[in-house]
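Single-letter residue listing:
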Amino acid sequence: MPFSWAPMWRFRKPLPLKHVMLYGGVLAYLVCSWPVWALATATPRHDESLSRGKALYEKACLLCHGRTGEGNGPDAFYLGAYSAPRPQDFTGAEFKFRSTASGELPTDADLFQTITKGIPGFMPAFRGLSEADRWDIVRYIQSFATVNQETASTPILLPPGPLPATPESIARGQEVYTLLDCAKCHGPQATKPGGLYAQGKLRDRRDLPILPLDLRHLSSFKNGHRPQEIAQSILTGLDGTPMASFRETLSAQPEDIWHLVNYLISLSRSP
Ligand code: HEC
Ligand code: HEC
């Protein structure tokens, strides 16, 4: 005899109302809660990158930069107890090592470079991390920002150069150093910190006394000591410190930046 469902339905008693309500309720709950569950368990690529960045940050950066990225990790105070620099505060908008104009945020690539190169004397280089890891960390530290990041910053253009370090170029560089009064902070011929430092007038944005960099030691340049890197530091300025941007001042004779750079490099080579 062929199989038929009919007898089953014929002898079934109608379901009691309370069962209908119970099963209906469970079904309605499952249907309604599905979108919430689906959203909660969905992990877009960006979130994966952020959570990897967070895990790496907590191992490699937290001690100095702090859990909330404000530069107040357990070690931060001891790095700069009574003087600058303290570890960077990632919630703010002032960064020192940028390819962008003064007052602008660094580009993603600038942050990637800082993590890769480290900061001589203050922060280790993280070349040992894979590139993907370093990009995940960049995403994570950007997530601390409380400032508007919607307008993407663009790097400034360096004037054509560098120029050959001829004796004439170095001599012109020395002239520019005097004309722009770099000496008031870096000292005449960059021999010792200039007058403003001696008077205690040089402070960073946390109001901590800050030492102008000793320009006779190229390897201590925090932003790197290739000609392009030195030119960038002088043209964009180190935001949050008294080292301002000289881009406007040098705009009348843009090639002077390369003479100045040649002069600074020559200081390290002279005995
Ligand atoms: C040993 C402490 C230490 C560790 C570890 C450390 N930093 Fe730093 N970091 C510093 C200090 C100090 C500064 C400020 C240096 C200065 O302003 O001259 C700084 C500055 C920075 C800056 C800002 C540079 C600028 O343009 O102003 C970035 C970005 C940065 N650190 C990222 C990181 C990341 C990411 C990690 C982990 C992978 C990390 N740091 C680990 C001490 C540390
Ligand atoms: C008002 C004071 C002041 C003046 C003027 C000044 N500087 Fe600086 N400069 C500083 C301070 C302070 C630092 C150190 C900032 C830091 O370590 O965060 C610095 C750092 C630097 C650095 C190091 C960048 C790096 O990678 O670490 C260079 C290069 C430099 N100055 C060149 C110059 C030149 C060239 C001039 C003149 C055109 C000049 N500075 C004028 C205060 C000044």
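Check the entry above for the structure.
Enquirer: What's the story with the overall build of the protein in this structure? I'm lost.
Expert: Scanning the protein for helices and strands turns up twelve helices and zero strands. Per-residue burial for the protein yields a buried fraction of 25% across its 271 residues. A separation threshold of at least 6 residues defines the contact pool for the protein, and within that pool the share at least 24 residues apart is 58%.

Enquirer: Explain the site of ligand 2 to me, please; I cannot follow it from the model alone.
Expert: Around ligand 2, the structure places 25 residues, and the nearest of them are Cys182, Cys185, Lys222, Asn223 and Met243. Put simply, the parts of the chain that give the shell around ligand 2 at least two residues each are helix 9 (183–186) and helix 11 (227–236). Among the residues forming the shell around ligand 2, the class breakdown is 18 nonpolar, four polar and three charged.

Enquirer: What exactly am I supposed to notice about the site of ligand 1 here?
Expert: Ligand 1 sits among 24 residues. The nearest are Cys61, Cys64, Pro85, Gln88 and Lys96. Contributions of two or more residues to the shell around ligand 1 are made by helix 4 (62–65), helix 6 (108–117) and helix 7 (131–142). Among the residues making up the shell around ligand 1, the classes are represented as 18 nonpolar, three polar and three charged.

Enquirer: Whenever I open this one, the packing of helix 8 (residues 167–179) against helix 12 (residues 256–269) confuses me. Can you help?
Expert: Relative orientation and spacing of two packed helices are given, respectively, by the angle between their axes and the distance between those axes. Relative orientation of the contacting elements helix 8 and helix 12 amounts to 100 degrees, with a least axis distance of 7 Å. The angle between helix 8 and helix 12 falls in the class roughly perpendicular. Seen from helix 8, the contacting residues are Ser169, Ile170, Arg172, Gly173, Gln174, Val176 and Tyr177; seen from helix 12, they are Asp256, His259, Leu260, Asn262, Tyr263 and Ser266. The residue inventory of the contact of helix 8 with helix 12, partitioned by class, reads five nonpolar, six polar and two charged.

Enquirer: I'm lost on the packing of helix 6 against helix 7 in this one. Help?
Expert: Where helix 6 contacts helix 7, the axes come no closer than 10 Å and their chain directions differ by 120 degrees. Here helix 6 lies oblique to helix 7, going by the angle between them. The chirality of how helix 6 crosses helix 7 is right-handed. In contact with Asp108, Leu111, Phe112, Ile115 and Thr116 of helix 6, helix 7 contributes Arg134, Trp135, Ile137, Val138 and Ile141.

Enquirer: Explain the nonpolar core here, please?
Expert: Nonpolar side chains tend to gather and get buried jointly when the protein is soluble and globular. Core analysis: the largest hydrophobic core is formed by 20 residues, its most contacted members being Ala231, Ile234, Ile257, Leu260, Val261 and Leu264. Elements supplying a minimum of two residues to this core: helix 8, helix 11 and helix 12. Element by element, the count of residues in this core is highest for helix 12, at six residues. Every residue in contact with Val261, bar those within four places of it in the chain, is listed here: Pro162, Pro227, Ile230 and Ala231. Of all hydrophobic cores here, the second largest spans ten residues; its members include Cys61, Leu111, Ile137 and Ile141.

Enquirer: What exactly am I supposed to notice about the environment of Pro162 here?
Expert: One can find Pro162 in the loop between helix 7 and helix 8. Pro162 sits in the partly exposed class, given 19 other C-beta atoms within 10 Å. With sequence-adjacent residues up to four places away left out, Pro162 is seen in contact with Pro227, Trp258 and Val261.

Enquirer: Quick question: what am I supposed to make of unusual backbone geometry here?
Expert: Glycine aside, residues mostly have negative phi, and peptide bonds are mostly found in the trans state. Cis peptide bonds are those with omega within 30 degrees of zero, and the linkage from Ala84 to Pro85 qualifies with 0 degrees. Mapping Pro85 onto the fold places it in the loop between helix 5 (76–79) and helix 6. For the peptide bond that leads from Gly161 to Pro162, omega is 0 degrees, which places it in the cis range. Positioned with a positive phi, Asp181 is a non-glycine residue whose angle comes to about 60 degrees. When you line up the elements, Asp181 lands in the loop between helix 8 and helix 9. Phi is positive for Asp207, which is not a glycine, with a value near 65 degrees. Mapped onto the elements of the fold, Asp207 is located in the loop between helix 10 (195–198) and helix 11.

Quick notes on the rules
- Residues numbered from 1 in each chain as written.
- Chains lettered and ligands numbered in written order.
- Predicted model: local features only at pLDDT ≥ 70, side-chain atom pairs only at ≥ 80, totals over all residues.
- Helix = DSSP H or I, 4+ residues; strand = E, 2+ residues; numbered from the N terminus.
- Buried ≥ 20, exposed ≤ 12 C-beta atoms within 10 Å, placed from the backbone.
- Contact = placed C-beta atoms within 7 Å.
- Near = placed C-beta within 6 Å.
- Nonpolar A, V, L, I, M, F, W, Y, C, P; charged D, E, K, R; others polar.
- Axes fitted to C-alpha atoms, helices over the stretch in contact; angles between N-to-C directions.
- Parallel < 35°, antiparallel > 145°, perpendicular 65-115°, else oblique.
- Left-handed = near helix turned anticlockwise from the far one by under 90°.
- Core = buried A, V, L, I, M, F, W, Y, C linked by C-beta atoms within 7 Å.

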